[in-house]
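Chain and residue survey
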Amino acid sequence: MYIQMIVDIIHPGRASVAKSEVQEVIGQMYKADPKLVITFGFRTKFGGGKSTGFCLIYDNEESCVKFEPKHRLVRNGMFEKKESSRKAIKEAKNKGKKIRGTGRSIAKHKAKRAANAE
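Because the structure is predicted, anything quoted here is derived from the model rather than measured.

What follows concerns the overall build of the protein. Along its length, the protein carries five helices and three strands. Relative to the compact-globule value of 13 Å for 118 residues, the protein shows a C-alpha radius of gyration of 20 Å, a clear excess of over 25%. In terms of its C-alpha atoms, the protein occupies a principal-axis envelope of roughly 60 × 35 × 25 Å. Burial analysis of the protein (118 residues in total) assigns 27% to the buried set. For the protein, contacts bridging at least 24 residues in sequence account for 51% of all contacts bridging at least 6. Total accessible area on the protein stands at roughly 9000 Å², and carbon and sulfur atoms take up 54% of it. Side-chain charges in the protein split into 26 positive and 12 negative, and the spacing between the mean points of these groups amounts to 14 Å.

Set out below in structure tokens:
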């Protein structure tokens, strides 16, 4: 489970506040590990001095990994992004389009393995 909230930050004299700093402060306020505090969607109001965003606090790392989208886990350092070239992804996609029927999933699997091998 998790706690969700909208976060308003008042920061006069500063352009914006670092997400890591926000995570630490919210973690202390709610007695949670800053690693399990996920912040996203921050927008600074026109004229500066105030930012509004969204925050989720998870109970444990297991539920965080289960429910959080992969791109946010990568930003938080809980998940490793696999590097593959744009060309390899497109070649695998086009190879999969050429095959129909039951062999399609097998071919998709082979194409994915070939892309990862590069």
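The structure having been displayed, the exposition proceeds.
Before going further, it helps to spend a moment on the environment of Lys-45. If you trace the backbone, Lys-45 turns up in the loop between β2 (37–44) and β3 (50–58). On the basis of relative accessibility, which here comes to 42%, the residue Lys-45 falls in the partly exposed class. Those residues within four positions of Lys-45 in sequence are excluded, and the remaining contacts are Lys-50 and Thr-52.

This paragraph deals with the pattern of salt bridges. Under the criterion given, the structure shown has three salt bridges. Glu-61 serves as the salt-bridge partner of Lys-35, at 3.7 Å between the closest nitrogen and oxygen. Of this pair, Lys-35 sits in the loop between α1 (19–29) and β2 while Glu-61 sits in helix α2 (residues 61–67); the two residues are 26 residues apart in sequence, bridging distant segments of the chain. Owing to a relative accessible area of 38%, Glu-61 belongs among the partly exposed residues under this scheme.

Moving on: a positive patch on the surface. A cluster of like positive charges, contributed by Lys-82, Arg-100, Arg-104, Lys-108 and Lys-112, occupies part of the molecular surface. Of note, Lys-108 is situated in helix α5 (residues 103–117). In this structure Lys-108 comes out as partly exposed when scored by relative accessible area, which is 47%.

With that settled, consider α1. What sets the pattern is the α-helix's 3.6 residues per turn: residues three or four places apart point alike. Taken together, the buried positions of α1 are Val-22, Gln-23, Ile-26 and Gly-27. The arc that holds the buried residues of α1, viewed along the axis, is 130°, so those residues lie on one side. Facing away from the buried side of α1, by more than 90 degrees, are the exposed residues Gln-28 and Met-29. Looking at the buried side of α1, the elements it contacts are β1 (2–10), β2, β3 and α3 (70–76). Lys-31 sits one or two positions beyond α1 and adopts a positive phi of about 50°.

Turning our eyes to something else, we now look at the packing of aromatic side chains. In total, this model carries two aromatic pairs according to the counting rule given. Pairing Phe-40 with Phe-54 gives two aromatic rings, centres 5.4 Å apart and planes at 55°, and the pair type is tilted. Of this pair, Phe-40 sits in strand β2 while Phe-54 is found in strand β3, placing the two residues 14 residues apart along the sequence. Residue class for Phe-54 comes out partly exposed when judged on its relative accessible area of 27%. The aromatic ring of Phe-40 is capped on one face by Arg-72, whose charged end is 3.7 Å from the ring centroid.

The rules behind the values
Along each chain, numbering runs from 1 in the same order as the chain's sequence is written. Given that this is a predicted model, residues contribute local features only at a pLDDT of at least 70 and side-chain atom pairs are listed and counted only at 80 or more, while totals for whole chains, interfaces and linings are drawn from all residues. Excluded from the side-chain calculation are hydrogens and water; included are all heavy atoms of the structure. Where helices and strands are cited, they refer to DSSP runs of H or I of at least four residues and of E of at least two residues respectively, numbered from the N terminus. We compute the radius of gyration over the C-alpha atoms and compare it with the globule rule, which gives 2.2 Å times the number of residues raised to the power 0.38. Between buried and exposed lies partly exposed: a residue is buried under 20% and exposed over 50% of the maximum accessible area for its type, with that area taken using a 1.4 Å probe on protein chains only. Residue contacts follow a heavy-atom distance rule, with two residues in contact if any of their heavy atoms lie within 4.5 Å. For accessible areas, the Shrake-Rupley method is used with a probe of radius 1.4 Å. Any residue's cover is judged against the shown protein chains and nothing else. Charge counting follows a simple rule: Lys and Arg are positive, Asp and Glu are negative, and His as well as the terminal groups are ignored. Lys charges are placed at NZ, Arg charges at CZ, Asp charges at CG and Glu charges at CD. Salt bridge, as used here: a side-chain nitrogen of Lys or Arg that lies within 4 Å of a carboxyl oxygen of Asp or Glu. Residues qualify for a patch when their relative accessible area is over 30% and they have no salt bridge, like charges being joined within 9 Å and the nonpolar side chains of Val, Leu, Ile, Met, Phe, Trp and Tyr within 5 Å. As used here, the arc is the angular range of directions from the helix axis to the C-beta atoms. Two rings from Phe, Tyr or Trp (for Trp, the six-membered ring) form a pair when their centres sit within 6.5 Å of each other. Planes less than 30 degrees apart are called stacked, planes more than 60 degrees apart edge-to-face, and all others tilted. For a ring to carry a charge above it, either NZ of a lysine or CZ of an arginine must fall within 6 Å of the ring centroid while also lying within 35 degrees of the normal to the ring plane.

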